[in-house]
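Coordinate inspection notes
Residue-level listing of the chains:
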Amino acid sequence: MFEFPDGLAPEVYPLAWLVGRWRGTGEINHPEVGQRAFTNEIVFDHDGGPYLRFESSIRVNESAGPEGPVLEEVWSAETGYWRIPPERPDELPAEQHPLEVLLADASGRLSLFLGTIGNGQVHLATDFVARTATATSVTAAKRLYGNVEGRLLWAEELAAFGHPLRNYASAELDRVTD
C-alpha cells in the first residue's frame, strides 16, 4: 500500500510516487557523442513546500584499460524543481495534472519544461532553453518518465548539436532504500 511521504504538501500529491532516491543504468546514443553506457542517480525530495526538489547525475562508464577497472566520469548533473501549477486547463483529462519543471544543468543550461503527470506517467517538453556561451547548443527536448512495475523508466529526446529532435538517452532505475 502506498503512503504519502511525511510533510508532503497537498499541491504535489500527484508527484508523491516519485519521492525518493532512484539508481540504475541506461544508454546515450547520439551521432555527435556516440553510444555510451551510464549509471544514473535521481533524487526527488521535499521540504514541505508546494514543489519537489530534483537532482540527477549521469556518469558514463569508461574503461581504464584492457584489464583496468571501469571508471565513471560525470557526464551530466542537473538540479531543479517540479511543481503542479494551481491553474488546471479545462481540456486536461481528470486523471492528468499540469506540470512545470525548472532545471539547471551544470554545463550551463537552464530549461523550463511543461507537461502532464497522471497514471504513473510524466510527459514533458521544452523549447525554452537558455544557455551560457560555453554550453552545448540544445534548442528543445522531450522527456518521458514512467512508473513501470515499481521501477522508474525515462527517455529523452534532444534537439542539439545542429540536429533536430531525436532520441538521446534512456534509463531504468530502481528505488534505493537507505
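Quick note: structure is the one above.
Given the structure is predicted, the values throughout are model-derived calculations rather than measurements.

This part covers the packing of aromatic side chains. By the definition in use, this model includes 7 aromatic pairs. Arranged with centres 5.4 Å apart and planes meeting at 90 degrees, the rings of Y51 and Y81 form a pair that is edge-to-face. In this pair, Y51 is assigned in the loop between β2 (34–45) and β3 (52–63) and Y81 in strand β4 (residues 70–83), connecting sequence segments 30 residues apart. Residue classification places Y81 among the partly exposed residues on the basis of a relative accessible area of 40%. Three or more aromatic residues joined by ring pairs make a cluster, and in this case those are F44, F54, W82 and Y145.

This brings us to the pattern of salt bridges. Considering all chains together, one arrives at 10 salt bridges under this definition. Among the ionic pairs, R53 bridges to D47, the shortest N-O distance being 3.6 Å. Under the relative-accessibility criterion, D47 is labelled partly exposed at 46%. Overlapping salt bridges bring together R21, R23 and E41 as one network.

Turning next to the pairing of strand β5 (residues 97–105). Looking at chain direction, β5 and strand β6 (residues 109–118) are connected through 9 bridges and run antiparallel. Note that in β6 the partner of V101 across the bridge is F113. The antiparallel pairing of β5 with β6 creates a hairpin that spans 3 residues between the two strands, and G108 there sits at a positive phi of about 110 degrees.

In the sheet, strand β1 (residues 20–30) pairs with β2 via 11 bridges, with the strands oriented antiparallel. Its bridge partner being in β2, N29 is matched across the sheet by Q35. From the end of β1 to the start of β2, which pair antiparallel, there are 3 residues.

Before going further, it helps to examine unusual backbone geometry. Although it is not a glycine, N119 adopts a positive phi angle of roughly 55 degrees. Locating N119 in the fold gives a position in the loop between β6 and β7 (121–131). Residues other than glycine seldom take positive phi values, yet E149 does so here, at roughly 50 degrees. Relative to the assigned elements, E149 resides in the loop between β8 (138–148) and β9 (151–160). On the basis of relative accessible area, E149 is assigned to the exposed category, the value being 83%.

Here the focus is the side chain of D105. For D105, the position within the fold is in strand β5. Here S107 takes part through its side chain, which lies 2.6 Å from a polar atom of the side chain of D105.

Procedures and definitions
Residues numbered from 1 in each chain as written. Predicted model: local features only at pLDDT ≥ 70, side-chain atom pairs only at ≥ 80, totals over all residues. Heavy atoms only, no water. Phe/Tyr/Trp six-rings, centres within 6.5 Å; stacked < 30°, edge-to-face > 60°. Helix = DSSP H or I, 4+ residues; strand = E, 2+ residues; numbered from the N terminus. Buried < 20%, exposed > 50% of the residue type's maximum accessible area, 1.4 Å probe, protein only. Salt bridge = Lys/Arg side-chain N within 4 Å of Asp/Glu carboxyl O. Pairing = 2+ DSSP bridges. Polar contact = N/O pair within 3.5 Å; in protein donor to acceptor, adjacent residues only side chain to side chain.

Coordinates in, geometry out; function isn't part of it.
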